[in-house]
Structure formats: C-alpha cells, structure tokens
Amino acid sequence: MTHPSDRMDISINDVRFSYEGASPVLDGITVDIRGPQVVSILGPNGVGKSTLMHCINKILSPSMGTVCYDGRNVSEYSLKDMAKHMGYVPCTSSDSFPLTVVDTVLLGRHPHAGWRTTEHDLEVVYETLEKLGIQDLAMRYFNELSAGQHQKVMLARGLVQQPDVLLLDEPVTGLDPVMTNEMYQLIRRINREQNVTIIMVSHDIRNILPDATHILQLDQKQVFFGPMDEYLKTEAGKQFLGGADL
C-alpha cells in the first residue's frame, strides 16, 4: 500500500484550546513530531489528550497557536484533504453500525472516492482486511462483532484512507490482554512496514505501546515530550518501570 508523501512532520506551536465558558484544556503545547515515529500521549482524564489529537487533524481549531503538517498550517487544508494524510480511529463506543464489515471499512475511502465505489476502492479494502487478518469478517455485520473485532475493523477503516499519520484514541481500552497484545502487534507492523507515523492516546500508562519511540505526557503542571528512554528516567517513567499506577 502506497502513501502520498514520505514526509510526515507535525509541528505543534504554543497551542491553546478552551471550550466555551471553560478554563483552558490545552495551555501552550509545543511539540515537533518527526515521522515516522510512534508517539504515546499519556495523561489523566480531562487533561486534553483527545482535544490535542482533534487539533492535529482539524476536527477542532486551536484558540491560539498553530498546528502544521509538513510546514503547512492544517487550517489551510480542507477536511477531505486532511483525511487523505491523517487517519483517525476513535475510542470504541457503544455505537454500532448495521452494516457489513466491508461497507463499514469502505466509509474510510470517502476522502479518495468519487460518486461511486470503484474496483480500486474494494481492492484497498480487501487488501487491508487481509493484512489485519480479518478477511473472514468481511460479510459479517459490524454490530455483531466482539470488542476486539470492532477495534480491528475501525483500524482497517482508518488505514484505507492510506494516511501518512494514524491517530488512535485509546485503541486497547476494554480489551483483554490477548487482544491488547494483538492490537499492539498490528500497530507496530503498520508503523514499520507501511512507514506510518502513529499517535496513540491513553489515560492508563499500562495501555501505552511498549515500544513507542516517544512519550508525550500531559498533566496540569508540566508537559513532557521526548524519546521513551528519556521518559523512563523521569519520576513517572520510574513508576512505569516499577509497575505502579500513576
């Protein structure tokens, strides 16, 4: 599977965001992500992890500051063009679609699609299902699948956008250890084999990708961004090594 660009740099410069009538959720975030990295965003609930992700892919606009993708402000992209570069996999919810897996995954082709589904669109879908090992689910209904199968199908829907960057919002929440490990293996393969930058959100340090290249930790006091080995030298990182909860 090819991607439209070999460059995947994301520059977040002094980003601030407030929901109407509320205190700032993000307050001066500055981070440079030089792809293809694997970045795990950590922090407690309400600290702005998903908000930051939505500022990156233009779902939200920062109150102040800028987010640039390969040197271009994301505000200059249409949402459709942005979706050609960045795939987004939301956190699993109770919502389910009365569609087959093929039709559910085809929704991810919208940024590339014309008025009708083409043979190429279907080829991309079936190729992706095969790469994720879920081709046997193709004609099953999405709302009949297990939680782990849901997550794999949603991952497939993000991948058929053929993005350079894949944003994952708590992709292993609610999964058992076996399925969590399977998801981690898939995410690693996507990064290594397809040269895709992965940005993954988790509120639980136990749910970060074990071999993430970088950690972005958000909390009310300070922001840490750096390689995993540097993070492990911090107090939070030492607690992680010790298996303690933050």
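So, a few notes on the structure that sits alongside this text. (Residues numbered from 1 in each chain as written. Predicted model: local features only at pLDDT ≥ 70, side-chain atom pairs only at ≥ 80, totals over all residues. Heavy atoms only, no water.)

1. Comments concerning the pairing of strand E8 (residues 197-202)
Within E8, six of the six residues are buried, which leaves the element mostly enclosed by the surrounding structure. Of the two faces of E8, the one carrying Thr-197, Ile-199 and Val-201 and the one carrying Ile-198, Met-200 and Ser-202 are both buried. Here strand E3 (residues 38-42) pairs with E8 via five bridges, running parallel. Along E8, the bridge assignment pairs Val-38 with Ile-198. Between strand E7 (residues 165-169) and its parallel partner E8, the chain crosses via helix H6 (residues 177-194), and the hand of that crossover is right-handed. (Buried < 20%, exposed > 50% of the residue type's maximum accessible area, 1.4 Å probe, protein only. Helix = DSSP H or I, 4+ residues; strand = E, 2+ residues; numbered from the N terminus. Pairing = 2+ DSSP bridges. Right-handed = clockwise from strand over helix to strand, strands pointing away.)

2. Concerning the nonpolar core
Val-105, Leu-129, Leu-155, Leu-166, Leu-168 and Ile-198 are the most contacted members of the largest nonpolar core, which totals 42 residues. Within the residue set of this core, elements represented by two or more residues are E3, helix H3 (101-106), helix H4 (119-131), helix H5 (147-159), E7, H6, E8 and helix H7 (228-231). Looking at which element gives the most residues to this core, the answer is H6, with six residues. Apart from residues lying up to four places away in sequence, Leu-166 is in contact with Gly-87, Val-89, Leu-155, Gly-158, Leu-159, Ile-190, Val-196, Thr-197, Ile-198 and Ile-199. If you look at the next biggest cluster of nonpolar residues, it comprises 28 residues, including Val-31, Ile-56, Leu-60 and Val-67. (Core = buried A, V, L, I, M, F, W, Y, C linked by side-chain atoms within 4.5 Å. Contact = heavy atoms within 4.5 Å.)

3. Points about the environment of Tyr-184
As for its position among the elements, Tyr-184 is in helix H6. Separated by 12 residues in the primary sequence, Tyr-184 and Val-172 place their C-alpha atoms 8.3 Å from one another.

4. Quick notes on the packing of aromatic side chains
Overall, the coordinates contain three aromatic pairs when judged by the stated rule. Seen in terms of ring centroids, Tyr-69 and Tyr-77 are 6.2 Å apart; in terms of plane orientation they differ by 70°. Their pairing is edge-to-face. Per residue, the accessibility class of Tyr-69 equals that of Tyr-77, and both read buried. When the centroid spacing of 5.6 Å and the interplanar angle of 50° are considered together, the rings of Phe-224 and Tyr-231 count as tilted. Among the residues examined, Tyr-231 registers a relative accessible area of 0% and is labelled buried. Seen from the ring of Tyr-77, Arg-72 lies directly overhead, with NZ or CZ sitting 4.1 Å from the centre. (Phe/Tyr/Trp six-rings, centres within 6.5 Å; stacked < 30°, edge-to-face > 60°. Lys NZ or Arg CZ within 6 Å of the ring centre and 35° of its normal.)

5. Some points on the environment of His-112
Structurally, His-112 is set in the loop between H3 and H4. Under the relative-accessibility criterion, His-112 is labelled partly exposed at 31%. Discounting chain neighbours no more than four positions away, the residues touching His-112 are Lys-84, Val-160, Gln-161 and Gln-162. For His-112, the side chain forms a polar contact with the main-chain oxygen of Gln-161, separated by 2.6 Å. (Polar contact = N/O pair within 3.5 Å; in protein donor to acceptor, adjacent residues only side chain to side chain.)

6. What to know about the pairing of strand E9 (residues 214-218)
Residues in a regular strand point their side chains to alternate faces of the sheet. E9 sits mainly inside the fold: five of its five residues count as buried. Relative to strand E10 (residues 223-227), E9 is paired through five bridges, and the arrangement is antiparallel. If you follow Gln-217 over to E10, its bridge partner there is Phe-224.

7. Overview of the packing of H5 against H6
The interhelical angle for the contact between H5 and H6, taken along N-to-C directions, is 15°, at an axis separation of 10 Å. Considered as vectors, H5 and H6 are oriented roughly parallel to each other. Where H5 crosses over H6, the two elements pack in a sense that is right-handed. Facing Gly-148, Gln-151, Lys-152, Leu-155 and Leu-159 of H5, the residues of H6 in contact are Met-179, Glu-182, Met-183, Leu-186, Ile-190 and Gln-194. (Axes fitted to C-alpha atoms, helices over the stretch in contact; angles between N-to-C directions. Parallel < 35°, antiparallel > 145°, perpendicular 65-115°, else oblique. Left-handed = near helix turned anticlockwise from the far one by under 90°.)

8. Here we look at H4
With 13 residues, H4 should cover 18 Å at 1.5 Å per step; its first-to-last C-alpha distance of 18 Å lies within 8% of that length. The elements touched by buried residues of H4 are H3 and H5. Backbone geometry just after H4 places Gly-133 at a positive phi near 70°. (Expected span 1.5 Å × (residues − 1).)

Function cannot be inferred from these measures alone, as they are strictly geometric.
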